[in-house]
Amino acid sequence: MSRVTAEGTTERVLRLLALLQRRSSWTAAEIAERLQVTDRSVRRDVERLRALGYPVHATAGVGGGYRLGAGTRLPPLLLDDEEAIATAVSLRLASGGTVAGTGEAALRALAKLDQVMPPRLRAEVRAVHGATETLVGPGAEVDAELLVTLARACRDAVRVRFRYAARGGEERGRTVEPVRMVATARRWYLMAWDVDRGDWRTFRLDRMRDAAPTTWHFRPREHPDPVAYVQRSVTEAPYRYLARVRLRAASDQVRELIPPQVGRVEDDRDGWCLLTVGGDDIDWLAVHIARLGFTTQILEPPELRAATARLARRLAEMSANG
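Cut-offs applied
- Residues numbered from 1 in each chain as written.
- Predicted model: local features only at pLDDT ≥ 70, side-chain atom pairs only at ≥ 80, totals over all residues.
- Heavy atoms only, no water.
- Helix = DSSP H or I, 4+ residues; strand = E, 2+ residues; numbered from the N terminus.
- Buried < 20%, exposed > 50% of the residue type's maximum accessible area, 1.4 Å probe, protein only.
- Contact = heavy atoms within 4.5 Å.
- Areas by Shrake-Rupley, 256 points an atom, 1.4 Å probe, with all protein chains shown as cover.
- Pairing = 2+ DSSP bridges.
- Axes fitted to C-alpha atoms, helices over the stretch in contact; angles between N-to-C directions.
- Expected span 1.5 Å × (residues − 1).
- Phe/Tyr/Trp six-rings, centres within 6.5 Å; stacked < 30°, edge-to-face > 60°.
- Lys NZ or Arg CZ within 6 Å of the ring centre and 35° of its normal.
- Salt bridge = Lys/Arg side-chain N within 4 Å of Asp/Glu carboxyl O.
- pLDDT = per-residue confidence, 0-100.
- Polar contact = N/O pair within 3.5 Å; in protein donor to acceptor, adjacent residues only side chain to side chain.

Colleague: Where do I start with the overall build of the chain in this structure?
Modeller: The number of helices and strands found in the chain is 11 helices and 11 strands. Within the chain, the proportion of its 322 residues that are buried is 41%. Once local pairs closer than 6 in sequence are excluded, the contacts in the chain between residues at least 24 apart make up 59%. Approximately 18500 Å² of the chain is accessible, and the part contributed by carbon and sulfur atoms is 51%.

Colleague: Got a minute to help me understand the sheet that holds strand S4 (residues 171-183) in this structure?
Modeller: Strand-to-strand pairing in sheets goes through backbone hydrogen bonds, with the strands running parallel or antiparallel. A sheet is described by the order of its strands in space; here five strands give the open sequence S6-S5-S4-S3-S7, paired in antiparallel fashion. Strands at the two margins of the open sheet, each flanked by one partner only, are strand S6 (199-204) and strand S7 (208-217). Strand-to-strand, the axes of this sheet are offset by a mean angle of 45 degrees, without reference to chain direction. Sheet topology places S4 next to strand S5 (residues 188-194); seven bridges connect them, and they run antiparallel. When the sheet's bridge partners are listed, valine 176 is paired in S5 with aspartate 194. Its contacts with the sheet put helix H7 (residues 144-156) on strand S3 (158-165), S4, S5 and S7, and the angle it makes with S4 is roughly 75 degrees.

Colleague: How should helix H11 (residues 302-321) be read in this particular structure?
Modeller: Helical periodicity: at 3.6 residues per turn, an α-helix aligns residues three or four positions apart in one direction. For H11, built from 20 residues, the straight-helix expectation of 28 Å at 1.5 Å per residue is met to within 8% by its first-to-last C-alpha distance of 29 Å. In this structure, the buried residues of H11 make contact with strand S8 (241-247), helix H10 (282-291) and strand S11 (296-300).

Colleague: Which parts of the structure should I look at to understand the packing of aromatic side chains?
Modeller: Here a ring pair, both rings aromatic, is described through the centre-centre distance and the interplanar angle of the planes. With the rule as written, the count across this model stands at four aromatic pairs. Between phenylalanine 162 and tyrosine 164 the ring centres are 6.2 Å apart and the planes differ by 70 degrees, which places this aromatic pair in the edge-to-face class. The pair phenylalanine 162 / tyrosine 164 is uniform in exposure class, with both members buried. Aromatic pair phenylalanine 162 and phenylalanine 203: ring centres 5.4 Å apart, planes at 80 degrees, arrangement edge-to-face. With phenylalanine 162 in strand S3 and phenylalanine 203 in strand S6, this residue pair connects regions lying 41 residues apart in the sequence. Residue classification places phenylalanine 162 among the buried positions, given a relative accessible area of 3%. We classify phenylalanine 203 as buried; its relative accessible area is 2%. Through pairs of rings, three or more aromatic residues link up here, namely Phe162, Tyr164 and Phe203. Arginine 221 extends its terminal NZ or CZ atom over the ring of tryptophan 193, reaching a point 4.1 Å from the ring centre.

Colleague: How should I be thinking about the pattern of salt bridges in this particular structure?
Modeller: Opposite charge on two side chains permits pairing when their charged atoms draw close. Throughout the structure, instances matching the rule amount to 18 salt bridges. Among the salt bridges present, the one from aspartate 45 reaches arginine 48, with a minimum N-O distance of 2.7 Å. Pair noted here: aspartate 45 and arginine 48 are both in helix H3 (residues 39-51), with a separation of three residues, about one helical turn. On the basis of relative accessibility, which here comes to 0%, the residue aspartate 45 falls in the buried class. Taking the shortest distance from any N to any O, the salt bridge between aspartate 199 and arginine 201 comes out at 3.2 Å. With relative accessibility at 23%, the residue arginine 201 sits in the partly exposed group.

Colleague: Just checking my understanding: could you explain H7 for this structure?
Modeller: The terminal C-alpha atoms of H7 lie 18 Å apart, and with 13 residues this matches the ideal 18 Å at 1.5 Å per residue to within 8%. With 10 of 13 residues buried, H7 lies mostly within the body of the structure. Taken as a whole, H7 has its buried residues at Ala144, Glu145, Leu146, Leu147, Val148, Thr149, Leu150, Ala151, Ala153 and Asp156. Once H7 ends, the next one or two residues include alanine 157, with phi positive near 55 degrees.

Colleague: Help me out: how do you make sense of the confidence of the model for the chain in this one?
Modeller: When pLDDT is low, close inspection of the predicted coordinates is not appropriate. Scored by pLDDT, the chain comes out at a mean of 79, with 75% of its residues at no less than 70. Model confidence for the chain, summarised as mean pLDDT per element, is weakest for helix H4 (residues 81-98) at 64 and strongest for S3 at 93. Taken together, the stretch residues 133-138 has pLDDT below 50 and engages in five contacts with residues farther than four places along the chain or on a different chain.

Colleague: Which parts of the structure should I look at to understand the sheet that holds strand S9 (residues 263-267)?
Modeller: Judged by pairing direction, the sheet is antiparallel, and its four strands sit side by side in the order S9-S10-S8-S11 without closing on themselves. Each end of this open sheet is capped by a strand with a single partner; those strands are S9 and S11. The mean angle between the axes of side-by-side strands here comes to 25 degrees, regardless of whether they run parallel or antiparallel.

Colleague: I keep staring at the side chain of aspartate 156 and nothing clicks. Help me out?
Modeller: Structurally, aspartate 156 can be placed in helix H7. Taking relative accessible area as the criterion, aspartate 156 reaches 8% and is therefore assigned buried. Side chain to side chain, aspartate 156 and arginine 155 meet in a polar contact 2.9 Å long. When neighbours within four sequence positions are excluded, aspartate 156 is seen to be in contact with Arg22, Arg23, Ser24 and His217.

Quick look at the structure:
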């Protein structure tokens, strides 16, 4: 092979590597078009990358292609093993929301670093992370690998398949087009377009199992604001009763008492605000709204008025019997 040909081949292989690092999967035709070569040359260059230690995985069939697996060595990142481990552990902790404002950026950076981290270093990171606890509120644990998988899918606009357990415990396969993950004080949620149902849905990450990206790239569609959508979903949709009340208080006062995953607080007029909160037990709702300590006007449902009347009678009886 002449020197000119060798330099051309090396440059093409580096361009192929850059393509594979830019997106989660490419078809052979897409790569051939980008590099202006034949499919046969693409296969040869893939083999050259594998010989250099880069795990390039191939998927056969319709929609198949190539994707870059977790690397056996770090690229020219100027990080030694100890620095890579320290960075990944810090990013995992930050992605859990323990540092305000850093969760989403940390998750993006973790997805990039995890893509090229050798298996031996990934094992070290998991060991450190598994032996570490943080002083955060009680909540459902989410596997960091799942966070990375979904973060990549959101970034690359690829569909994801997973098994999902409904509230009743029934588990079904789902295929979604992910948009954004939203973290609350207790749980992680994914906002995504449900391909089977043809609508936007919210999924709890702790109920997902066997999540895996596909090679199907989707065109991002117009979507609601992820934070507002997830908040509505977790405060309203799952419950038997949905209470709407007016409170004589500033909205900021009420938000200090009502976490966003519990209820939605909106400004109203003349020193009032609107509270929307859901629950399966109407008496429980009556008690907790009363405990807020503000003058209250019940808008809906009618059952809440009956529940507050029962609560008032019980309290009056308790006071009389005291």
